Amino acid sequence: MASLSQTASFPRPRGARLMSHAGVWVTSREAFWIAVEALRAHKLRSFLTLLGVVIATTTLIVVMSIINGMNLYIADHIANLGANVFIVHQWKWAQGYEAWLKAQRRNKPIRIEEFEFLKENLQAYKSIGADASTWSDNNTARYQGHTLYDVDISGDTPSMIDIGQQKVESGRYITDSDYSHESMVCFLGRDLVDAFFPNVDPLGKEILVRGIPFRVIGFAQKIGTTFGQSQDNFIQIPLTTLRKFFSPRPSLAVSVQAWDARQMLVLEDEVRALLRARRHVPYSEDDTFGVNASETIMDTWHQVTGAIFAVTIGIVAVFMVVGGIVIMNIMLASVTERTHEIGIRKSLGARRRDILTQFVIESSMLACIGGGIGVLLALIISKIVDHFFTSTVPLSAVLAGLFLSTAVGLFFGIYPASKASKLDPIEALRTEN
Amino acid sequence: MATPVASSAMRETPPPRDGVIIKTEDLWKTYDMGAAIQVHALSGVSFEIERGEYVAIMGPSGSGKSTLMNLIGCLDTPTRGIYWLNARLVSELSDDELAYIRNKEIGFVFQTFNLLSRASALHNVELPLIYSGMPATERLEKAEDALRKVDLTDRMHHKPNELSGGQRQRVAVARALVNNPSIILADEPTGNLDSATGEEIMALFERLHQSGNTIVLVTHEHDIAAHAHRIIHVRDGRIERDERVE
């Protein structure tokens, strides 16, 4: 007797699986070529279709590249205090505006006595030194009628040659003897050597620093520029000499160098404890000084880039959504154009999910190609920007861009694909192209 | 000749006897045109077709032969009635199940060929196998075999617009054969061909019939229907006459 068992013995079609793996691979390949062909056939339409996705991807990658380039630049040029070096100063650098206002009222400069105190009491550091800059309208250097203005004049301890950026090119640095004798000696940055002594050996010569004669004992290797500012426009004299002639109570930046990164953290804590104790800062109150390490600078920098990035994400999201909607509309038109073809496929045994998969893959491919174009554009733009500024394309940005575009294509392709899959095969076959 | 069976008793109908590939009992197809008006495209059609037969379904336009073809080809389900195909009760299947049946049991040949214009002949023939989930090497082998049966291997990689009408229809026939269907269902296969090419195609069908395929031809032309060995005449949604011809 016929019964439900007749239909029950009906073998389940490959129900649960979307399509066999063979099917998805072939469909993807097919979909890719269909998408490429569609793009080639209607170039203007394609350009407009992909514009949103291309702009979004390009923006994303270019911004990420610029930020990446700046991160590297900042890490190299600004946050680079030296290996395992932190700097104790009156101010904490790169802090928020409000924090800075508060600090203005509370923080006191680091004095020479405090430097000596730290030097005595800090444990097991590799090196400790101090420098003080003098700020004045009159930071001039003169030699034989040639005057340089706005030179960076600083007083340094002898140990600064080991800790700081400057390296001896010729001659020698400030010695302990210079320091204790308040000697009138100076160590020059490359810019001054190039300006005053282009063809002559500067060693032993006398130059006028703020009108006062100093003997040149050595000069530094060229450092370079940061954000266009030359780092070689300096004169360094013994700190004690600076105190004697230019700045009776100088504000110091104390540089402490640790043996390794871990010890650096330990030393930072120690310095804070020692200084707070010496200055009698109550437990509940903030430091009246700043301990600055690369991380603090990078952290603040990351806050800035974080804000920039957040805005970028907003822009990218808008373009992606717009681009996605455009793709959706194009796919709807495509489905209408290909109704007959869908009918053929269904008559040959394509199930709803087969048609759905096909069109979803097509729209994903389309968007992915848009993402690819965006990547290429971004690479070109990044190269150009790098020429003038700085920009390095990180792989993560490229992958993010491609992934995002494909996802947009997939998501916005679902509705048209769903419509396609629901077409009645008989009606569809009747439709003429 | 079969007694009409009410649909509520459907589950108790016996399956067709061995060798009967198509059996329909009291097929109705009704369309609601709104305001309680119903149009009956088919009004109680019952017949049997045995494996290996060559049958033509003939009738003027409006006779319901296209509707009947859509039902036989599982493109649609009847409003009422029973349809056994290859010992499976297919009259009440879901869309997905119908798709499966179309893929495995039916080989369509259309008047307008219905090939994918952007794909090669080989890929067109491959298509049903892709939807079956067959892996690539097997697929290509079978597709080439099918094209060999219709003498078109030298044109495998051509696109439809590079083929003549007769060649396109032969590709369609190869596609219809490729998954070893129970029946080949041809809807006015020579309608878009000149008479000489049309004869070639009818000769091809004759060859396929000799090889053991079951062929169902739907047409309004008597000359074409005469190639079959049996003609079912359809008029006004009913079977008018069922004659054997040789």
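Cut-offs and rules
Residues numbered from 1 in each chain as written. Chains lettered and ligands numbered in written order. Predicted model: local features only at pLDDT ≥ 70, side-chain atom pairs only at ≥ 80, totals over all residues. Helix = DSSP H or I, 4+ residues; strand = E, 2+ residues; numbered from the N terminus. Rg over C-alpha atoms; globule rule 2.2 N^0.38 Å. Buried ≥ 20, exposed ≤ 12 C-beta atoms within 10 Å, placed from the backbone. Contact = placed C-beta atoms within 7 Å. Domains from an automatic or database assignment. Pairing = 2+ DSSP bridges. Core = buried A, V, L, I, M, F, W, Y, C linked by C-beta atoms within 7 Å. pLDDT = per-residue confidence, 0-100. Axes fitted to C-alpha atoms, helices over the stretch in contact; angles between N-to-C directions. Parallel < 35°, antiparallel > 145°, perpendicular 65-115°, else oblique. Left-handed = near helix turned anticlockwise from the far one by under 90°. Nonpolar A, V, L, I, M, F, W, Y, C, P; charged D, E, K, R; others polar. Expected span 1.5 Å × (residues − 1).

Let's shift gears to the overall build of chain A. Looking only at helices and strands, chain A has 15 helices and 14 strands in total. Here the C-alpha radius of gyration of chain A, 34 Å, is well above what a compact globule of 433 residues would show, namely 22 Å. Across its three principal axes, chain A shows a C-alpha extent of roughly 115 × 55 × 35 Å. Evaluated residue by residue, chain A yields a buried proportion of 39% over its 433 residues. Taking the intrachain contacts of chain A between residues at least 6 apart in sequence as the baseline, contacts between residues at least 24 apart amount to 82%.

Looking only at helices and strands, one finds 7 helices and 10 strands in chain B. A compact globule built from 246 residues would reach a C-alpha radius of gyration of about 18 Å, and chain B, at 18 Å, matches this within 12%. For chain B, the C-alpha atoms occupy an extent of roughly 55 × 40 × 40 Å along the three principal directions. Put simply, chain B has 246 residues, and 52% of those count as buried.

Okay, the domain arrangement of chain A next. Domain boundaries in chain A define domain 1 (22-74 + 300-430) and domain 2 (85-290). Between domain 1 of chain A and domain 2 of chain A, the C-alpha centre-to-centre distance is 55 Å.

What follows concerns unusual backbone geometry. Residues and elements named next belong to chain B. If you check the backbone angles, Ala 87 has positive phi at about 65° while not being a glycine. Along the chain, Ala 87 turns up in the loop between strand E4 (80-85) and strand E5 (88-89). Ala 87 sits in the partly exposed class, given 15 other C-beta atoms within 10 Å. The residue Asp 236 is not glycine, and still its phi comes out positive at about 50°. Following the sequence through the fold, Asp 236 ends up in the loop between strand E9 (230-235) and strand E10 (238-244). Given 14 C-beta atoms within 10 Å, Asp 236 falls into the partly exposed group.

Let us now look at the sheet that holds strand E2 (residues 38-50) of chain B. Either a parallel or an antiparallel arrangement is found when strands of a sheet pair, and the pairing is made through backbone hydrogen bonds. Residue and element names in this part refer to chain B. Pairing is antiparallel across the open sheet formed by 4 strands, whose spatial order is E2-E1-E4-E5. Only two strands of the sheet have a single partner each, and these edge strands are E2 and E5. By the bridge criterion, 2 bridges tie E4 to E5 in an arrangement that is antiparallel. The residue of E5 that forms the bridge with Trp 84 is Leu 89.

This paragraph deals with the pairing of E10 of chain B. Residues and elements named next belong to chain B. Across 6 bridges, E9 lies against E10 in antiparallel orientation. Residue pairing across strands places His 233 opposite Arg 241, the latter belonging to E10. Linking E9 back to E10 in an antiparallel pair, the connection comprises 2 residues, with Asp 236 at a positive phi of about 50°.

The next point concerns the nonpolar core. In this structure, Ile 57, Ala 174, Val 216 and Leu 217 of chain B are the most contacted members of the largest nonpolar core, which totals 125 residues. Apart from residues no more than four positions distant in its own chain, Ala 174 of chain B is found in contact with Val 125, Ala 146, Leu 147, Lys 149, Val 150 and Leu 152 of chain B. In this structure, Cys 186, Leu 239, Val 254 and Ala 293 of chain A belong to the second largest nonpolar core, which totals 48 residues.

Bringing the confidence of the model for chain A into the picture now. All names here are of chain A. On average, chain A scores 86 in pLDDT, and the residues at 70 or more come to 94%. The secondary-structure element of chain A with the lowest mean pLDDT is helix H1 (residues 4-8), recorded at 38, while strand E7 (residues 185-188) shows the highest, at 95. Note on residues 1-21: pLDDT under 50 across the span, and 28 contacts to partners over four residues away in sequence or across chains.

Residue and element names in this part refer to chain A. Locating Leu 356 in the fold gives a position in helix H13 (residues 352-388). As for Leu 356 and Thr 240, which are separated by 116 residues in sequence, their C-alpha atoms are 81 Å apart. Once you skip the residues sitting within four places of it in the chain, Leu 356 turns out to touch Ala 417, Ser 418 and Ser 421.

This part covers the sheet that holds E9 of chain B. All names here are of chain B. Reading across from one edge, E6-E7-E8-E3-E9-E10 is the order of the 6 strands in this open sheet, with mixed pairing throughout. Only two strands of the sheet have a single neighbouring strand rather than two, namely strand E6 (106-109) and E10. With direction set aside, neighbouring strand axes in the sheet form an average angle of 20°. Strand direction decides the pairing type here: strand E3 (residues 54-58) and E9, joined by 4 bridges, are parallel. Residue Ala 56 lies in a different strand from E9, and its bridge partner there is Ile 231.

Looking now at the packing of helix H3 (residues 121-132) of chain B against helix H4 (residues 136-149) of chain B. All names here are of chain B. Orientation of H3 relative to H4, taken along the N-to-C sense of each, is 120°, at an axis distance of 9 Å. Compared by their axis directions, H3 and H4 come out oblique. You can see that H3 and H4 cross each other, and the crossing is right-handed. Of H4, the residues touching H3 (which contributes Ala 121, Leu 122, Val 125, Glu 126, Leu 129 and Ile 130) are Arg 139, Lys 142, Ala 143, Ala 146 and Leu 147. Considering only residue class, the contact of H3 with H4 consists of 8 nonpolar, no polar and 3 charged.

Let's shift gears to helix H11 (residues 294-337) of chain A. For an α-helix, 3.6 residues make a turn, and residues three or four places apart therefore share a direction. Residue and element names in this part refer to chain A. Across its 44 residues, H11 extends 60 Å between first and last C-alpha, which sits within 8% of the 64 Å expected from 1.5 Å per residue. Along H11, the residues classified as buried are Thr 305, Val 316, Phe 319, Met 320, Gly 323, Gly 324, Ile 327, Met 328, Ile 330, Met 331 and Val 335. For H11, the secondary structure elements touched by its buried residues are helix H3 (43-77), helix H12 (339-347), H13 and helix H14 (395-421).

With that settled, the discussion passes to the environment of Ile 128 of chain A. All names here are of chain A. In this structure, Ile 128 sits in strand E2 (residues 127-134). Residue Ile 128 is classed as buried on the basis of its 22 C-beta neighbours within 10 Å. Spatially, the C-alpha atom of Ile 128 lies 5.7 Å from that of Ser 255, the residues being 127 residues apart in sequence. With residues near it in sequence (within four places) discarded, Ile 128 still touches Leu 118, Lys 119, Leu 122, Ser 159, Val 254 and Val 256.

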